[in-house]
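Structural features, examined
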There are 2 protein chains.
Amino acid sequence: MIHKPLEPNATIGILGGGQLGRMLSVAASRLGLKTHIFDPSTDPPAGHVAHSVTTAKFSDTEALKAFANQVHIVTYEFENIPTKTLDFLEAHCTIRPGREALRVSQDRLTEKLFLQSLGLNTANFVDITGPTTLQTALRSLGTPAILKTRQFGYDGKGQIRLSDPDDIPPDVNSLLDRPSILEQVVHFEREISVIAARGFDGSIASFDPGENIHQDGILRTTTVPARITVHQKTEAVLHTAKILNALNYVGVIGVEFFVTPNNLIINEFAPRVHNSGHWTQNGCAVDQFEQHIRAIANWPLSDGHRHNDVVMENIIGDTTDVVSRSATDTLSALHLYGKVEAKLGRKMGHINWISPKN
Amino acid sequence: MIHKPLEPNATIGILGGGQLGRMLSVAASRLGLKTHIFDPSTDPPAGHVAHSVTTAKFSDTEALKAFANQVHIVTYEFENIPTKTLDFLEAHCTIRPGREALRVSQDRLTEKLFLQSLGLNTANFVDITGPTTLQTALRSLGTPAILKTRQFGYDGKGQIRLSDPDDIPPDVNSLLDRPSILEQVVHFEREISVIAARGFDGSIASFDPGENIHQDGILRTTTVPARITVHQKTEAVLHTAKILNALNYVGVIGVEFFVTPNNLIINEFAPRVHNSGHWTQNGCAVDQFEQHIRAIANWPLSDGHRHNDVVMENIIGDTTDVVSRSATDTLSALHLYGKVEAKLGRKMGHINWISPKN
């Protein structure tokens, strides 16, 4: 089966119009491709730099059908797209990365069982089905542990940290009405992530792992290179490749690892471009966004070579301070997302602080 | 007079929707700003990545007025915009860089007299008013010389090279029905250009000069750093600063120099971002497009620091070969313009070949 690359001026449909869709649009434009954003909200950030925008609900089958007919291929910028939307779209067009990657990553339990089936390490966990089980689970798993909803959690949302089986706070009830799992807290030396791509021909290319610092469940900085051994780097990339192959994946993936003294433990993966890969915009000739577009458009992948060291710093909430800090710095590249309202905890942009590669 | 920076999500109007407008749009998006393209042609390249597009003639005052009312500031991506369009627009909104820079650069005679008034060197030339004068001018100036229309020439168009006063080819007549000048051919060691910016507060920042190779009047490659002495580099930047100050300029300018054994001779300047500045996209944290947006939006300028060596190669006409050469090269960044038809001599994109800074 030979698949030709997308022709110049072909249109890529993107489900979701946030900052990731925005930067995917810009990357597509560099390759002479157009984008069409599908998003339920009005004036999505990606719409400012896209060729077309459809404003409609993900349940609007008429709008989805029209969208599918106007694009050559569909991708997505966030993983919590309703399953029904994807099933409907898939009857009309090709979606990359495919349904399987989304199905697995949309549910923490499914994801962990999938990773374990590949022989990869995850945090110890227990499937929770009710309050009694939670107390039992906390005793058997040990504390501290984190109760997480199986679906629709992101940026630390849908999570509660528990430290005593005999003193379970009442706000767990807000989570327990949904399917959840209890995860043992991993005592790690550092967190890293691997951003890698798999092409339609099965080729795989990885960027250098980045070292992440989270606060309150939100990524604050990614530093490249990460302070890990060559062995750890090799392992992390091989684990990522295993996931890509098992899912018959086409596109960019982001895999988060805990680095412990003994091994690498996978926290989770996102079947899309990833916040911890934003450093590639100023560290590589081809960034993660263009790499994703190349993969889904059947273009040759870049090998992910890095030509600079980078510290990526997220701009969260108020932008004034960090923007003025960066505005005149010789080696800082600012990336704002065009969001109007600076809500607490909202990602407004990021800065890549560049330094010569050591 | 204090001018505040443009607010996030403000809209910049851009006259012209070619590749320069396209890359200006992308740069504006990085700073959280929107763009509105005004272009007479349908489906202009910049429209693919702009928030809004107006398709109307530059003489359509209704459309111009509506455009002016929807944007916070106006800039342009090519210098051959009709004077009447600018006069009309200026009554409704601010244009940066201003009218004066356009007025001077739109006419080769005006431009040369302006440069000489600043004490800067230009090629020797004669104002041509008719065929008799042409022969006389050729004798007094010496050959070879180049007959150039005073207005609307670009990429080698509107130019004829003449080598014998007694054998003037008949096709000069196609130029002589328009105001023209005759320029002595400069015997140069190399061609360089300076891309620099001036902010609203009068601050000036220059990128490192690039060394240009033209073929048939079209730029083929720009290499940074240029092979010039520190003295030549300083001179070139100072000459550029002189021009910026004299024009009370706000924005990015491109100035082309001939480097001779004795001095620097200014070929011409363009009051806009410039093809020979495309290397900054992969050589600097803030590229020429973002620098222009920063200047016209009253943001602080970047100092133009370069962190990589770059060879920029234009993709002219058929794109197939060069795209496949670049697609898998570790250190090449591809930039296509989304043009559908690959005409002979048409600029379809460019590649930045990156190498570590020496």
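Here, the structure is the one placed above.
The structure reproduced in this document is the subject of the present report.

Each value, and the rule that gives it
- All residue numbers refer to positions counted from 1 along the written sequence of the respective chain.
- For this description, chains carry letters from A and ligands carry numbers from 1, given in the order in which they are written.
- Given that this is a predicted model, residues contribute local features only at a pLDDT of at least 70 and side-chain atom pairs are listed and counted only at 80 or more, while totals for whole chains, interfaces and linings are drawn from all residues.
- The side-chain numbers reported here are obtained from all heavy atoms of the structure, hydrogens and water having been left aside.
- Only protein chains enter the accessibility calculation, which uses a 1.4 Å probe. A residue is then buried if its area is under 20% of the maximum for its type, exposed if over 50%, and partly exposed in between.
- By definition, any uninterrupted DSSP run of H or I lasting at least four residues is a helix, any uninterrupted run of E lasting at least two residues is a strand, and each is numbered from the N terminus.
- DSSP-based pairing: two strands are paired if at least 2 bridges between them are found.
- Comment: arc refers to directions from the helix axis out to C-beta atoms.
- The contact rule is simple, with two residues in contact once any of their heavy atoms fall within 4.5 Å.
- Note on definitions: angles span 0 to 180 degrees between N-to-C directions of axes, and those axes are lines fitted to C-alpha atoms, for helices only across the stretch in contact.
- Fitting of the copies onto one another was done by least squares over C-alpha atoms, counting residues only where both copies have pLDDT of at least 70.
- Once two parts are joined, some of their accessible surface, as seen by a 1.4 Å probe, is lost; buried area is that loss totalled over both.
- Each reported salt bridge corresponds to a side-chain nitrogen of Lys or Arg within 4 Å of a carboxyl oxygen of Asp or Glu.
- Counting of polar contacts relies on pairs of N or O atoms within 3.5 Å, with two restrictions inside protein: one atom must be capable of donating a hydrogen and the other of accepting it, and residues adjacent in sequence are counted only when both atoms are side-chain atoms.
- Here the nonpolar group is Ala, Val, Leu, Ile, Met, Phe, Trp, Tyr, Cys and Pro; Asp, Glu, Lys and Arg are the charged ones; every other residue, Gly included, is treated as polar.

1. A closer look at the pairing of strand β13 (residues 251-259) of chain A
Residues and elements named next belong to chain A.
- Burial analysis of β13 places nine of its nine residues in the buried class, the great majority of the element.
- Bridge count between β13 and strand β14 (residues 264-270): six bridges; the pairing is antiparallel. Within β14, the residue paired with Phe257 across the bridge is Ile266.
- Hairpin connection from β13 to β14: four residues lie between these consecutive antiparallel strands.

2. What to know about helix α11 (residues 320-327) of chain B
- Among all positions of α11 of chain B, only Val322, Val323, Ser326 and Ala327 of chain B are buried. Buried residues along α11 of chain B cover an arc of 130° about the axis, so they all sit on one side. Exposed residues pointing more than 90 degrees away from the buried face of α11 of chain B are listed as Thr320, Asp321 and Ser324 of chain B.
- Contacts from the buried residues of α11 of chain B go to α10 (288-296) of chain A together with β15 (308-316), β16 (332-336) and β17 (347-356) of chain B.

3. Regarding the sheet that holds strand β3 (residues 52-55) of chain B
All names here are of chain B.
- The sheet built from four strands is open, its strands ordered β3-β2-β1-β4 with parallel pairing. Only two strands of the sheet have a single neighbouring strand rather than two, namely β3 and β4 (73-76). Strand-to-strand, the axes of this sheet are offset by a mean angle of 25°, without reference to chain direction.
- As judged from the five bridges shared by strand β1 (residues 11-15) and strand β2 (residues 34-39), these two strands associate in the parallel manner. Paired with Ile12 across the strands is Thr35, a residue of β2.

4. Examining the relation of the copies chain B and chain A
- The operation relating chain B to chain A is a screw motion whose rotation component is 180°, with 0.0 Å of axial translation and a residual RMSD of 0.0 Å. One copy is carried onto the other by what is essentially a two-fold rotation axis. Taking C-alpha positions as reference, the residue of chain B nearest the rotation axis is Val49 of chain B, located at 1.9 Å.
- A symmetric contact is evident, with 100% of the interface residues of chain B recurring at the interface of chain A.

5. Things to note about the interface of chain B and chain A
- With 38 residues of chain B in contact, the opposing surface of chain A contributes 39 residues.
- For the pair chain B and chain A, the summed buried area comes to about 3,300 Å², and 55% of that belongs to carbon and sulfur atoms.
- Ranking the residues of chain B by area buried against chain A places His48, Ala285 and Thr330 of chain B at the top, with a combined share of 16%.
- Inspection of the chain B/chain A interface yields two salt bridges.
- In this structure, the connection of chain B to chain A is made through twelve residue pairs in polar contact (both at pLDDT 80 or more).
- Those elements that place two or more of their residues in the side of chain B that touches chain A are α1 (19-30), α10 (288-296), α11 and β16 of chain B.
- The residue makeup of the side of chain B that touches chain A, split by class, is 17 nonpolar, 13 polar and eight charged.

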